[in-house]
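Listed below, chain by chain, are the residues.
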Amino acid sequence: MKIKSLSLMFLTVGAMIIASCSKKENAQISTPPLQVGATVSDAAPLTGSIKGTMLTGKIYTISGDVTINEGDTLLIQKGVTVNMTNNADIIVKGTLLSLGTKDQPNYLTVKNVTKTSDPNVNPADDPAYQGLWTGINCDVTCKLLVLKWTHIEYGGGIYSNPPVAGTKAGDNSFVILFQNVDGVFVMEDSWVYGSIDDPIRLKGGKFNLMRNTFEKCGFTGGDVMNAKSGSVGNMAYNLIIGSATTGTKASNKGGTPVQSNVNMYNNTYVNSGYRRVESGRGGSINYEEGAKGQAYNNLIVDCRFGFRVVNDPLADTLNLKYGYTYNYNSTVETANEIYPTGYITKPQPTDVPVPSTFLPAGYQLGAIYDGTSVVGKNDPLFVNYPLPQSNFKKIAAVGNYDFHLSANSPCAGKGNTTLLTPLNVVPVDPNFGSSEITPPGKDIGAFQLDGSGNHH
Amino acid sequence: MIFRYFTVFLLFVSTSVFSQNVIKGKILDSGNGEQLVGATVKLVEIHQNTISQLDGSFVFKNIKSGKYHIQCDYVGYHSLDTAVYINKQIALVFYLSKSSTSLSEVTIMAKQDGGSQRYARRAEQQSNSVANIVSAKSIQLSPDITVANVLQRVSGVSIERSNTGDGQHAIIRGMDKRYNGTLINGVKIPSPDNRNRYVPLDIFPADLLDRLEVIKSLTPDMEADASGGVMNIVMKDAPDHLIFNANVASGYSQIFGQQDAVLFDNKVVQNQSPAEKNGSDYLATVNDFTKANYSYQQKKLPLNTIAGFSLGNRFFNQKLGVIAALSYQSNYRGSNSIFFEPSTQPNPSASQNQDSAPVFTDGFFRTYTSQQTRLGSHLKLDYHVNSRTSLSLYTTFLQLNKTEYRHSVDSVLAIQRVGPGQGLVEIADRSRYEKQNIFNTTFQGKNNINEKFDFDWSAVYSRAGRQLPDFGQLKSTHKAGIDGNGQTYETPYLLLGFNRDWQHNTDQDLAGYLNLHYHPVVFNQKILFSVGGLYRHKNRDNYDNKYSLTPKSNSDGSPQVYQGIDAAQFVFIPASAGYGTAASNPGVYTFDENIGAGYGEVKFTVKKNLQVLGGVRVESTSQSYVTSAPVSFVGQSGSISYIDIIHSLHLKYTLNKNQDLRFSYFKSISRPAYADIIPFADASTSEYYTLNGNPNLKHTQVDNLDLRYEVYSSGLDEFMIGGFYKYLQNPIEFALKQTSTSGQELRPDNFGNATNYGAEIVFTKYLGQWGVSGNYTYTHSNISSDKGLYYRDPNSGNLTTIYVQQDRPLQGQSAHIANFSLLYKNVKNGIDAQIAAVYTGERIAQLSLYRNLDYWQKASTVLDFSAEKSLGSHLKIYAKANNLLNTPFEVIIKQPNQFTSGKLALPAQNNSNYILTQRDLYQPSYLLGLRYKL
């Protein structure tokens, strides 16, 4: 016994010494780039079944629907550009890995289309909302989808060929559709620019959607990250600007045995919810129909609706915890919807502005109130974005703006880092999982003053 | 007519002697003692006429004593002429004998009036199988103008109605419409319906019919895919003398006294989509789409019109018979509907023992106007080549065009609804112009080779089609609410996306039938051996092309305010949306089906009172389809084949002349409809849900047992009591399922095996001028299937969905169905009147995927009235009134109702024991007309 516990003690001490030593040292030792199967040729446009590795530095063209069959893997190394043509889509029945890096991101895009950051361009004429290819469509057999440092642009068009079960011609595609309750979907440090409908639709799956930037998503409808029954994971440190409807949404609709459980924290939502013609559908955060989760440290600026908890069909309010939501509103129109009328969002004393300072005494959940007194209050002091903003319904892209916090931002240090533990449902792995499941940060919003959080 | 045979019985002699006498009497069938209704009785000397009443009786009053010739005439019977000396009150009974021997034999020279009620009762009795027959006379007298409405008067039959309240499909003995076949003159016809094999019965104008037969047990010579029953629509036959009938009527629907009829001009509807007009690679622009069919005109109290005639005669020494008939109906119908759309997923319950609670996403308040134009024409020629050979050629064309406007106010319940009158509202105007038609031509021959051997054959070509051009719905959205000052407000109406959909389908059938009969006499018994078969090639062509138009946003990007269809501007986003969806669409498909069948049956009688009919039938089905969906699409194409071997045995035991006992066993099948198989999401057919197909659907096999006791006491009187038992393997039912996106759709599926048993009673009794007729059917069916249960697991605290077994009746099956008619017939005044009630017990209208959340159609009673009066010997005036009680069509969920009051309160929810999901009201309609008979 004595020897056993003694050796255990030595081992522990030893391990501690090693650990503390290696922490100091920063070694960058090269490893061969990951490659699976054969190299994908860039000599001719691609169509049909596809597997293997797309090599760094190459430019590929996909000219017709490509399918990664069950059991197959397509690996896109860093620094690859894939040009989509002919309204094609990518069908994932097996595994897709796109492993860009900060220095060498990947692109899934369309050639010869020019982005515009001019807020006065009519959305009907903006290529962002044209849907020029029909997305990454994961079938129920897809076990793993990893997207890192990848730009996905102009996707989410109208299907001409319905690619996977349940889709049909004439429907809007999603930029990414994931629908395997037991599968893993990691999307980190990436960008989505433009779509007609939801950029991300999750119909079940274990996921980590973290540190991404979404611009101009949804033409006249579409929720940016839309999770249905069977979806479990984190949506955190994302910057969402100018989306048609909701930024992050969780619902348990769909009848899988697994209840949707979504953490939404440290996201920044700007100018969202205005292209949806119908009133009342959402603009920032949304929990509905039996979904549970936790939501803290979110920053909502000039969105059509604040944090929305839906009563009918009812979100799983017993297992829904939220607070530390920071709202900024340039006009009374949105200030009146910090706690959206007709829903059941409970004002939290940790919210900004503090509910007791502007809600009437005896406020009933979902009741109409007058938000005039908080208009223009609590400017989060972004590094470069003027507030109050009169053109908030139209500014839908980051462009030259910078949504990092200034050092003197009132959001600094106002976040809570203890109430929420991230859901660790995906593997942590440089290639086959999440690079880092970032826990809640102390500053409200996606960008942390210490450089952590969203790296864009 | 030949004077052949008569008997006179002196029944009763009064003791008193008066110069003014009363003659009472009855006219009966010499063969079976049936009372004959409507026979003419003539006192030749004094030119007095009368007609026998419902119970066969007649009376002459104030007759002077003396010797009289009495003449009795009745169609299909030999006339009777006798002399009677009258000097007191006397009662006479005349027995007339038939001029033909049997109904089952062809009787060209002396034609029976198949449309008579008497014929109908007799045919029921003579039938090889269990059958109910409605005669043309009954149909004329009934309040019904289409076949569908006639059918609901038949025992064991209930009707599924369209959104304007017209009966469309029959449910026979609790068996859904899919289990029931439709025949014209014994020949199967294809359906113009895009989703169903069975023909929508409202396409048949009732006045073309000779009779309607509902056959509930199948003999080996009949096609096996009718487990509930076969509706055989027998059209008028060529008469043996000149006939001419004409009929004209007009009326209105009461609903248009309260609201205007609102319709669009169907002539501006473009029949072809831009891609059909200009080629499939044509990129349409928004200017290719008409606006005029989305602008509407009001009409005050529009009149309904019915007109028809039939003309028939026999030529060339009675060898060639011709009958032609034409029928036209134009009816305006209206209805108001409330519909609460359930959310795909209910709210979770607190434990496994409680049911999940329904929630609604939308409340729809809809107003319908529809104009239905029916055109039916029919021509039958028969040629009696010689005593052994006869040929007939039958052609019919039926057309039903429905122009329908639906105005819909959609109160969105799940979005920002603070309370009644507040929240998001979508207003939609829908234009629907649907054209359906059926063409059928049948060439038949009958040959008696000799005393013992004969055969008959049929060659059939049929074509059924449906067009639904430019079907679309123009929608706007706005918000209604109460502002901080308590003032109500509405935001501007904003234009929403506009879909325009072109659909059409055509079915073509080519079929040949051959039956050989050999009837030798063995041991002094006539035995009938039959063998035969059929081959049918069926081809379906389906097209669907949908264009999605997006409202053009204002130049500053703000949404377009809706200011009427003419001002509305649309664009295609992306521009490629202008190609439409036909290029890659499972709704564009062809479907081939080949059915080959052969049978052998034997019919003989044991000891004069037990008739045995039995045999075996083999049916081979081979189907294949291909859609324009891409090959990557599951179910893009397919081929399915199977062989069914079907045995049957029918026994009829004759207790005495008027009483029979029947027993039947038969096996039957039901083939899924084409659209049940093709995985094509179709939003144009159901008013409430998108429908989809299921390529993995299996065909249904059914074992059927029938037992029936029949009494044909006299005349039109009858009494039948029977029982049935059915065992269904893989019955097909529709259930609401979640689509891969967040919507829901109705999909057919096999939910296991089911049993269905029940009993029915039919009675008709006439007493002088009054008659009562009724039937009652009790049906019990049971199927056990998986249902979802969405609840909070008390252990984990998580919400979860599990599947549990639940017993329930089959979809569409009512436990109780009853019909009751009170008839009045005054032969002397020429008055016929009838009040008819139909009771349909509650039944499952739609399945829910969740336990105890099925949608039940509430029990209802519909009351109709009709009457006619003779104006002279050729003319009759008639009136029909339908739906006198303004019976609502209601669908409920049997769960405690939390929507009656408070913040969740919904309109029309006034019962705390159940939740209303649908209520349609149609109001009564009235018709007044004249009928002329040469």
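Residues numbered from 1 in each chain as written. Chains lettered and ligands numbered in written order. Predicted model: local features only at pLDDT ≥ 70, side-chain atom pairs only at ≥ 80, totals over all residues.

## Quick notes on the overall build of chain A
Here is step 1 of the chain: Helices and strands together make up the secondary structure of chain A, namely two helices and 31 strands.
Here is step 2 of the chain: Against the globule reference of 23 Å for 456 residues, chain A gives a C-alpha radius of gyration of 22 Å, in line with a compact fold.
Here is step 3 of the chain: The buried share among the 456 residues of chain A stands at 59%. (Helix = DSSP H or I, 4+ residues; strand = E, 2+ residues; numbered from the N terminus. Rg over C-alpha atoms; globule rule 2.2 N^0.38 Å. Buried ≥ 20, exposed ≤ 12 C-beta atoms within 10 Å, placed from the backbone.)

## Re the overall build of chain B
Here is step 1 of the chain: A tally of regular secondary structure across chain B gives six helices and 52 strands.
Here is step 2 of the chain: A compact globule built from 934 residues would reach a C-alpha radius of gyration of about 30 Å, and chain B, at 30 Å, matches this within 12%.
Here is step 3 of the chain: Dimensions along the principal axes, computed over C-alpha positions, put chain B at roughly 105 × 60 × 60 Å.
Here is step 4 of the chain: For chain B, buried positions account for 49% of its 934 residues.
Here is step 5 of the chain: Pairs at least 24 apart in sequence give 69% of the contacts found in chain B among residues at least 6 apart. (Contact = placed C-beta atoms within 7 Å.)

## Quick look at the nonpolar core
Across soluble globular proteins, nonpolar side chains have a tendency to be buried as a group.
Here is step 1 of the chain: Membership of the largest hydrophobic core comes to 133 residues, with the highest contact counts inside it found for Val92(A), Leu145(A), Phe185(A) and Ile200(A).
Here is step 2 of the chain: Non-local contacts of Val92(A), meaning those with residues more than four positions away in its chain, are made with Ile68(A), Ile136(A), Asn137(A), Cys138(A), Asp139(A), Cys142(A) and Leu145(A).
Here is step 3 of the chain: Grouped together as the second largest cluster of nonpolar side chains are 67 residues, Ile133(B), Val154(B), Leu208(B) and Leu728(B) included. (Core = buried A, V, L, I, M, F, W, Y, C linked by C-beta atoms within 7 Å.)

## A look at the pairing of strand β38 (residues 718-729) of chain B
Residues and elements named next belong to chain B.
Here is step 1 of the chain: Residues of β38 alternate between two faces, with Glu718, Met720, Gly722, Phe724, Lys726 and Leu728 buried on one and Phe719, Ile721, Gly723, Tyr725, Tyr727 and Gln729 left unburied on the opposite face.
Here is step 2 of the chain: With eleven bridges joining them, strand β37 (residues 700-711) and β38 adopt antiparallel strand pairing. Each bridged residue has a counterpart across the sheet, and for valine 711 the counterpart in β38 is phenylalanine 719.
Here is step 3 of the chain: Here β38 pairs with strand β41 (residues 754-767) via eleven bridges, running antiparallel. Bridge pairing links isoleucine 721 to isoleucine 761 in β41. (Pairing = 2+ DSSP bridges.)

## A few points about the interface of chain B and chain A
Here is step 1 of the chain: Counting residues at the interface gives 54 residues for chain B and 48 residues for chain A.
Here is step 2 of the chain: Listed by contribution, the elements that provide at least two residues to the side of chain B that touches chain A are β23 (423-448), β24 (453-482), β30 (528-551), β42 (770-792) and β43 (799-808) of chain B.
Here is step 3 of the chain: For the side of chain B that touches chain A, the element with the most residues is β43(B), which contributes four residues.
Here is step 4 of the chain: Per-class residue counts for the side of chain B that touches chain A are 23 nonpolar, 27 polar and four charged. (Nonpolar A, V, L, I, M, F, W, Y, C, P; charged D, E, K, R; others polar.)

## A few points about unusual backbone geometry
Residue and element names in this part refer to chain A.
Here is step 1 of the chain: The peptide bond linking valine 352 to proline 353 adopts the cis configuration, its omega dihedral lying at -10 degrees.
Here is step 2 of the chain: Of note, proline 353 is situated in the loop between α2 (332-335) and β30 (382-384).
Here is step 3 of the chain: A cis geometry characterises the amide bond from leucine 387 onward to proline 388, with omega recorded as -5 degrees.
Here is step 4 of the chain: With respect to the helices and strands, proline 388 occurs in the loop between β30 and β31 (402-405).
Here is step 5 of the chain: Positive phi, close to 55 degrees, is recorded for asparagine 87, a residue that is not glycine.
Here is step 6 of the chain: Mapped onto the elements, asparagine 87 comes out in the loop between β5 (81-84) and β6 (90-92).
Here is step 7 of the chain: Exposure remark for asparagine 87: the 19 C-beta atoms within 10 Å place this residue in the partly exposed category.
Here is step 8 of the chain: Positive phi is not limited to glycine here, since tryptophan 149 has a value of about 45 degrees.
Here is step 9 of the chain: Mapped onto the fold, tryptophan 149 is located in the loop between β10 (144-148) and β11 (150-153).

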